[in-house]
Structure formats: C-alpha cells, structure tokens
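Structure at a glance
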Amino acid sequence: MKRAFAAVCAMAAVTAVAGCAQDDESSGAARPQPLTWQQELRVSDAQQRLTARCMKRHGFTYGEDRTLTLRESMPVRFVQDDVAWARTYGYGGRIDAAQEQVRLHNPVAVYRQGLSAARRAAFDKALDGGDDVQVVSAKLPGGTREVRSRLGGCTAEAEKALYGDLGDWFRASKTATGLNALYSGDLMHDRQLTAAVTAWSTCMKKSGLSYADPQAARDAIRANTARLGPAGADQAFATERKTAVADATCARATSLKPVAAARETHYVDRLPDRYGEALDTYRRLQRQAYDRAVHIVPQRA
C-alpha cells in the first residue's frame, strides 16, 4: 500500500478536497465532512480485509499489508507542520524506501506467481472478475476525457460492501479527486497563499536553508539522498531530518497550513453547483464506508 495518499490539490494538498465543508447556507443542512487520513487508512485496511475474506472463499490466499504503524502512515502533503514527526521520520524517506521493497516483493504477487497457470487464471478471475464484468465510466471535470473501470470479482465485492452502488462511487470519486485541475492554477498564484509561502521561505533562510517552497525542499532532499547512495544513507537521513524539522517549524510559525486550507476552500466553493453535489456524494459515500470499516478492522496501533 502506498504510504502517502494521492494529493487532491496540486499546490496545497492540505485537506483532501478541503472546500465545501461548511454548512450549506441555502438549505441549512451541514455538508458532509472529509475523512481524516487516519479514517481513510482504516477504510483501505477494511477493503483489504474484505478482499482477503472473499479470496479465501474462492480457495486463495490474499495477504494484507499492514506493515506500517498508524504514525508511520501519516501522509506528507505540501504542508507538513508536525515537528515531532519530522524529528523522527524526516520527510518519510526511509519509510518510503522500505515500502518500495514491500511493493517489489509484494506477497500477493509472489503467491500468485507460485501458482500453476490454471490456478493463476482462476486467481485473477476471482480477484477482478471475468470478461463479462460490469464496466462503469465517468467524465473528468473540466473536459471531455472519459475514464472507465471494470468492476468484478472480490475487488468489486469489497468496494460494494463499503460504498454501496459502485457506479455512484466511481463517478463521484473521479469527479471529486479531479477537481484540482479546475482551480490549481488560480490557487498556485493566489496572493494570500504565495505571501504565506514567501514567509515560510524567509523563515527557512534564518535556519540557513534556501528554498522557494516546501516542494523545493523535498526535491532537494530526494536528490541529495540519491547522490549519497547507500554508503551515505545515515548522512542523508540526518540532512533530511534537519530540513524537515525546519520546514515543519516554519510552517507552524507562518500559519502556512491554515492559510493553504482556507484558500483551497475558497476556490472549491466557487466551483459550479454540479461539482459541489458530486463532492457531497463522494464525502457521503466515504463516510458510509468508514462507518462500515470500524466494524471490520481495528485502527492501526
């Protein structure tokens, strides 16, 4: 499983489609709140558990990935202001490296490869369905591009148990997670956000670190880690931790996270009503999935 969830906003990536969380003034009804990353992780774990149960009924083993603790699983988005986390994990470089090894030696893939050709075919059909599975489609926001997905097997069964109607979930999720394309350009040039980023950069210079924005700092750390290689891993991680702590400290000092979240909300709230409805559906189905997930798997320790 990937440690960091996909960032919804290309610039801020603070609150997973941060906007539209307040009350709907026209109706007086509270709009659905986004899930926290901890809740999203629990839903993902529940989906793995349901998939594993289904595959077991078909006579197969499906390994669940819970190798990271809850603390280790925290996503590092554009703004990371948890100083204690940064002091321990830096930007999560070592966590990502360990997870990459898990992906390269994925137990599910290893198990599948050890099956006979006939059993591999049966495994694939059990997991994703045969040729006659349902196909759903959705148009991405702001264009005519259409995406499709095949829904079948244990994968679809697990998702349906959590989200209900898979067509509704697929369309809502593709719309909601594609909204950043409609406002990311405006957000990246927003005066309030750019002023906060500039303040962050000024703060970093006081620590002897010169970066235009948090992403530039992380890019430099990745490049330094790659340059030093395995022989310089300890030195690279020490630099990573130092930079990440300064980054998080400056993010707190300049209120970068609340500013980014507020400005993202501002632009999402200006989107056409049809996108607000899709976002509400997305969050409602996420909340439903979480409410079901708590009865399936415990939260990671």
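An account of the accompanying structure is given in this report.

Conventions we followed
Residues numbered from 1 in each chain as written. Predicted model: local features only at pLDDT ≥ 70, side-chain atom pairs only at ≥ 80, totals over all residues. Heavy atoms only, no water. Helix = DSSP H or I, 4+ residues; strand = E, 2+ residues; numbered from the N terminus. Rg over C-alpha atoms; globule rule 2.2 N^0.38 Å. Buried < 20%, exposed > 50% of the residue type's maximum accessible area, 1.4 Å probe, protein only. Areas by Shrake-Rupley, 256 points an atom, 1.4 Å probe, with all protein chains shown as cover. Lys, Arg positive; Asp, Glu negative; His and termini not counted. Charge placed at Lys NZ, Arg CZ, Asp CG, Glu CD. Axes fitted to C-alpha atoms, helices over the stretch in contact; angles between N-to-C directions. Parallel < 35°, antiparallel > 145°, perpendicular 65-115°, else oblique. Left-handed = near helix turned anticlockwise from the far one by under 90°. Contact = heavy atoms within 4.5 Å. Nonpolar A, V, L, I, M, F, W, Y, C, P; charged D, E, K, R; others polar. Salt bridge = Lys/Arg side-chain N within 4 Å of Asp/Glu carboxyl O. Expected span 1.5 Å × (residues − 1). 1 Å grid on protein atoms, 1.4 Å probe; cavity = no way out; pocket = protein on both sides within 12 Å on 5 of 7 lines; lining within 4 Å. Points joined across faces, edges and corners; volume = space filled by probe spheres on them. Disulfide = S-S within 2.5 Å.

Structural notes on the overall build of the protein chain
Assigned secondary structure in the protein chain consists of 13 helices and 2 strands. Over its C-alpha trace the protein chain gives a radius of gyration of 21 Å, about what one expects of a compact globule, namely 19 Å for 301 residues. Based on the C-alpha atoms only, the size of the protein chain along its principal axes is roughly 60 × 60 × 35 Å. Residues counted as buried form 47% of the 301 residues belonging to the protein chain. Total accessible area computed for the protein chain in this model is approximately 15500 Å², and 50% of it derives from carbon and sulfur atoms. Averaging the positions of the 43 positive and the 34 negative side-chain charges in the protein chain gives two centres separated by 4 Å.

What to know about the packing of helix 8 (residues 180-188) against helix 12 (residues 256-268)
Across the interface, helix 8 lies against helix 12 with an axial gap of 10 Å and an inter-helix angle of 135 degrees. Taken together, the axes of helix 8 and helix 12 are oblique relative to one another. In this structure, helix 8 meets helix 12 at a crossing whose hand is right-handed. Counting all contacts with helix 8, which are made through Tyr183, Asp186 and Leu187, the residues of helix 12 involved are Arg263, Glu264, Tyr267 and Val268. Taken together, the residues of the contact of helix 8 with helix 12 break down into 4 nonpolar, no polar and 3 charged.

A few points about the pattern of salt bridges
Evaluated as defined, the whole model comprises 15 salt bridges. The salt bridge involving glutamate 64 is made with arginine 49; its shortest N-O contact spans 2.9 Å. Of this pair, glutamate 64 sits in the loop between helix 1 (37-57) and helix 2 (83-89) while arginine 49 sits in helix 1; the two residues are 15 residues apart in sequence, bridging distant segments of the chain. Given a relative accessible area of 23%, arginine 49 falls into the partly exposed group. For arginine 57, the salt bridge is made with glutamate 157, and the minimal N-O distance between the two is 2.6 Å. Taken together, the positions of arginine 57 in helix 1 and glutamate 157 in helix 6 (residues 153-163) put the pair 100 residues apart, joining distant regions of the chain. A relative accessible area of 56% means that arginine 57 is categorised as exposed. Judged by relative accessible area, which is 36%, glutamate 157 ranks as partly exposed. Within the structure, one salt-bridge network assembled from shared partners comprises Asp45, Arg66 and Arg300.

What to know about helix 13 (residues 273-293)
The end-to-end C-alpha separation of helix 13 is 30 Å, in line with the 30 Å expected for 21 residues at 1.5 Å each. Three or more residues of helix 13 are buried, namely Tyr275, Gly276, Ala278, Leu279, Asp280, Tyr282, Arg283, Leu285, Gln286, Ala289, Tyr290 and Ala293. Of the surrounding elements, those touching the buried residues of helix 13 are helix 1, helix 6, helix 7 (166-176), helix 8 and helix 12.

Details of empty space enclosed by the protein
Across all of its chains, the model carries 2 cavities of 30 Å³ or more by this definition. Volume-wise, the second largest cavity comes out at about 30 Å³. Lining the second largest cavity are Gln38, Leu41, Arg42, Asp45, Leu70, Gln299 and Arg300. Considering only residue class, the lining of the second largest cavity consists of 2 nonpolar, 2 polar and 3 charged.

Some details on unusual backbone geometry
Excluding glycine, residues mostly have negative phi values, and the peptide bonds linking residues are mostly trans. Despite not being glycine, serine 255 has its phi angle at roughly 55 degrees, a positive value. For serine 255, the position within the fold is in the loop between helix 11 (233-253) and helix 12.

Some points on the state of the cysteines
One pass over the structure, following the stated rule, counts 2 disulfides. Across a sulfur-sulfur distance of 2.1 Å, cysteine 54 and cysteine 154 are joined as a disulfide pair. Looking along the S-S bond of the cysteine 54-cysteine 154 disulfide, the torsion reads about -70 degrees, which is the left-handed sense. One end of the pair, cysteine 54, is in helix 1; the other, cysteine 154, is in helix 6, with 100 residues separating them in the sequence. An identical accessibility class is assigned to cysteine 54 and cysteine 154; each is buried.

These results come straight from atomic positions and should not be treated as a statement about function.
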